[in-house]
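# Topology and contacts: notes
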Amino acid sequence: MTTSTKGNASQRKGALPAVLVLEDGRIFRGRAYGAVGETFGEAVFSTGMTGYQETLTDPSYHRQVVVMTAPHVGNTGVNDEDAESQRIWVAGYVVRDPARVPSNWRSRRSLDEELTRQGVVGISGIDTRALTRHLRERGAMRVGIFSGDTLPDDATMLAEVRRAPEMKGANLSAEVATKETYVVPAIGEKKFTVAAVDLGIKGMTPHRMAERGIEVHVLPATATVEDVYAVNPDGVFFSNGPGDPATADHPVSVMQAVLERRTPLFGICFGNQILGRALGFGTYKLKYGHRGINQPVQDRTTGKVEVTAHNHGFAVDAPLDKVSDTPYGRAEVSHVCLNDNVVEGLQLLDQPAFSVQYHPEAAAGPHDAAYLFDRFVSLLEGQRA
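A brief look at the structure comes next.

### Focus on helix 11 (residues 371–384)
Residues lying three or four places apart along an α-helix face the same way, a consequence of the helix completing one turn every 3.6 residues. Given a rise of 1.5 Å per residue, 14 residues ought to cover 20 Å, and the 20 Å separating the end C-alpha atoms of helix 11 matches this to within 8%. Along helix 11, the positions that sit buried rather than exposed are Leu372, Phe373, Phe376, Val377 and Leu380. Down the axis of helix 11, the buried side of the element spans an arc of 155°, and every buried residue falls inside it.

Okay, structure coming up:
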């Protein structure tokens, strides 16, 4: 839901006014950044101090306006290697102090230029700390960014924001997933074949599996059970993605069929919520979600605490204090967020299936959770034994 008129120069855009309007009526005034025009989405904040290119190109951020809590953004510009998909997916971008001149040996252009090129409307020069505190207290909500020579009055902008769709009830995976199956070959000797259901997959995810000798067949979100098993997989993977898991009935049914066949299964982020639903647990919307690269999670199977990368606004409602009986055997919460006790992982005890709510493939780091891909490989090996 973005419309834009691209400016001819950063200097001109920087002089143009921009306004950020939250659905509860709070207004922030700043300067245009990126494309000039208007955009709408869900206002969320990300606590990462680096890795903004990974954030921007993560399909999980579809229809979200991302507020960066780090004050200085764009210092390293934009390169041609770190994108997680073919485009920027955020609906809008909010920064306090954008870098005037990027400095990095891999930089090819400024962040402002890339946002403009891809038509992403943003705003700079506002108090992002105050905005973050507001979202933390009031919760994620609908927002609009308006920029240009002439802007509507405040009441008109607020009315437009309140007409925008909410994230709760949004079914978005098919909008960001691949339309055609593609294959990421194993690096070195091929050891296994995995069918990966793309619900908004990041490019680094199949790469991490390929590094471990896995040939990854990435399938559309609409893939059927027959499509999954047509590639003769040793295991099945369900990716991250945007939207409300309560709407994802098709992926849930596919996952239940995989569980019935006892095929090794691994899910991350949205895939964790799909596993929760497949096992019979509910899901719910978090007040403001977890987004950033500094979230502490405990692996309850080892006691180890990991610093992890997150991007989720929904969570699984599963009991933390007991093992649950499900149609597919016993299940338990394997990981938990140490900030708020949100469920961050599930595992089945009677068959080879597990999931986590965060991102073990995090390209910009941290890499504490990379071992989860090795855990998946162990399940694949165990199934062959």
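Still more ground to cover, so stick around.
### Regarding unusual backbone geometry
Despite not being glycine, arginine 63 shows a phi value in the positive range, around 70°. Phi is positive for asparagine 341, close to 65°, though the residue is something other than glycine.

### Side note on the pattern of salt bridges
Within the structure shown, the criterion is met by 21 salt bridges. A salt bridge links arginine 212 to aspartate 374; the shortest N-O distance between them is 2.7 Å. Here arginine 212, found in the loop between helix 7 (204–210) and strand 13 (214–219), pairs with aspartate 374, found in helix 11; they are 162 residues apart in sequence, far enough to count as distant. Assessed through its relative accessible area of 38%, aspartate 374 is described here as partly exposed. Connected via shared salt-bridge partners are Asp80, Arg109, Glu114 and Arg117.

### Some remarks on the environment of alanine 196
Position of alanine 196 among the secondary structure elements: in strand 12 (residues 192–197). Classification of alanine 196 as buried rests on a relative accessible area of 0%. Sequence separation between alanine 196 and valine 216 is 20 residues, and the spatial gap between their C-alpha atoms is 6.5 Å. If we ignore the near neighbours within four places in the chain, the residues touching alanine 196 are Ile201, Val216, His217, Val218, Leu219 and Phe237.

### With respect to the packing of aromatic side chains
For the structure shown, the criterion picks out six aromatic pairs. Ring plane angle 70° and centroid distance 5.5 Å describe the contact between phenylalanine 237 and phenylalanine 266, whose orientation is recorded as edge-to-face. One end of the pair, phenylalanine 237, is in strand 14 (residues 235–238); the other, phenylalanine 266, is in strand 15 (residues 265–268), and 29 residues separate them in sequence. For the pair phenylalanine 237 and phenylalanine 266, one class covers both residues: buried. By way of ring pairs, the aromatic residues Phe237, Phe266, Phe354, Phe373 and Phe376 are connected into one cluster. For the cation-ring pair, arginine 87 lies above tryptophan 89, with the distance from its terminal atom to the ring centre recorded as 3.8 Å. Over the aromatic face of phenylalanine 314 sits the side chain of lysine 285, whose NZ or CZ is 5.6 Å from the ring centroid.

### Description of the nonpolar core
Residues Val228, Phe238, Met255, Leu259, Leu279 and Leu346 are the most contacted members of the largest nonpolar core, which totals 36 residues. Looking at this core, the elements with two or more residues in it are strand 12, helix 8 (225–230), strand 14, helix 9 (249–261), helix 10 (270–279), strand 19 (329–337) and strand 20 (343–348). With six residues, helix 9 is the largest single contributor of residues to this core. Those residues in contact with leucine 346 that sit more than four places away from it in its chain are Asn272, Leu275, Gly276, Phe281, Val316, Ala318, Glu332, Val333, Ser334, Phe354 and Ser355. Counting 23 residues, the second-largest nonpolar core is a separate cluster that includes Ala210, Val297, Val356 and Tyr358.

### Structural notes on helix 9
With 13 residues, helix 9 ought to run about 18 Å at 1.5 Å a step, and its terminal C-alpha atoms sit 19 Å apart, in line with that. Residues Pro251, Val252, Val254, Met255, Ala257, Val258 and Leu259 constitute the buried set of helix 9. Looking at the buried residues of helix 9, the elements they touch are helix 8, strand 14, strand 15, helix 10, strand 20 and strand 21 (353–356). Backbone geometry just after helix 9 places arginine 262 at a positive phi near 60°.

### Some words on the environment of glycine 276
Residue placement: glycine 276 occurs in helix 10. Put simply, glycine 276 and valine 316 are 40 residues apart on the chain and 5.9 Å apart in space, counted from C-alpha to C-alpha. Here glycine 276 is in contact with Phe281, Val316 and Leu346, once residues within four sequence places are set aside.

### Things to note about the pairing of strand 9 (residues 121–124)
Taken residue by residue, a regular strand's side chains alternate between the two faces of the sheet. Both faces of strand 9 are covered, namely the face carrying Val121 and Ile123 and the face carrying Gly122 and Ser124. With two bridges connecting them, strand 7 (residues 92–94) and strand 9 associate as parallel partners. Note that in strand 9 the partner of tyrosine 93 across the bridge is glycine 122.

### Overview of the pairing of strand 19
Burial analysis of strand 19 places seven of its nine residues in the buried class, the great majority of the element. Strand direction decides the pairing type here: strand 16 (residues 282–299) and strand 19, joined by three bridges, are antiparallel. Its bridge partner lying in strand 19, glutamine 298 is registered against valine 336. Alignment of strand 18 (residues 324–326) against strand 19, held across three bridges, turns out to be antiparallel. Its bridge partner being in strand 19, aspartate 325 is matched across the sheet by arginine 330. Remark: two residues form the turn of the hairpin made by strand 18 and strand 19, two consecutive strands paired antiparallel. Pairing of strand 19 with strand 20, which is carried by five bridges, proceeds in the antiparallel orientation. Its bridge partner lying in strand 20, alanine 331 is registered against leucine 348. Joining the antiparallel neighbours strand 19 and strand 20 is a turn of five residues, in which asparagine 341 adopts a positive phi near 65°.

Here is what the cut-offs are and how they apply
Residues numbered from 1 in each chain as written. Predicted model: local features only at pLDDT ≥ 70, side-chain atom pairs only at ≥ 80, totals over all residues. Heavy atoms only, no water. Helix = DSSP H or I, 4+ residues; strand = E, 2+ residues; numbered from the N terminus. Expected span 1.5 Å × (residues − 1). Buried < 20%, exposed > 50% of the residue type's maximum accessible area, 1.4 Å probe, protein only. Arc of directions from axis to C-beta. Salt bridge = Lys/Arg side-chain N within 4 Å of Asp/Glu carboxyl O. Contact = heavy atoms within 4.5 Å. Phe/Tyr/Trp six-rings, centres within 6.5 Å; stacked < 30°, edge-to-face > 60°. Lys NZ or Arg CZ within 6 Å of the ring centre and 35° of its normal. Core = buried A, V, L, I, M, F, W, Y, C linked by side-chain atoms within 4.5 Å. Pairing = 2+ DSSP bridges.

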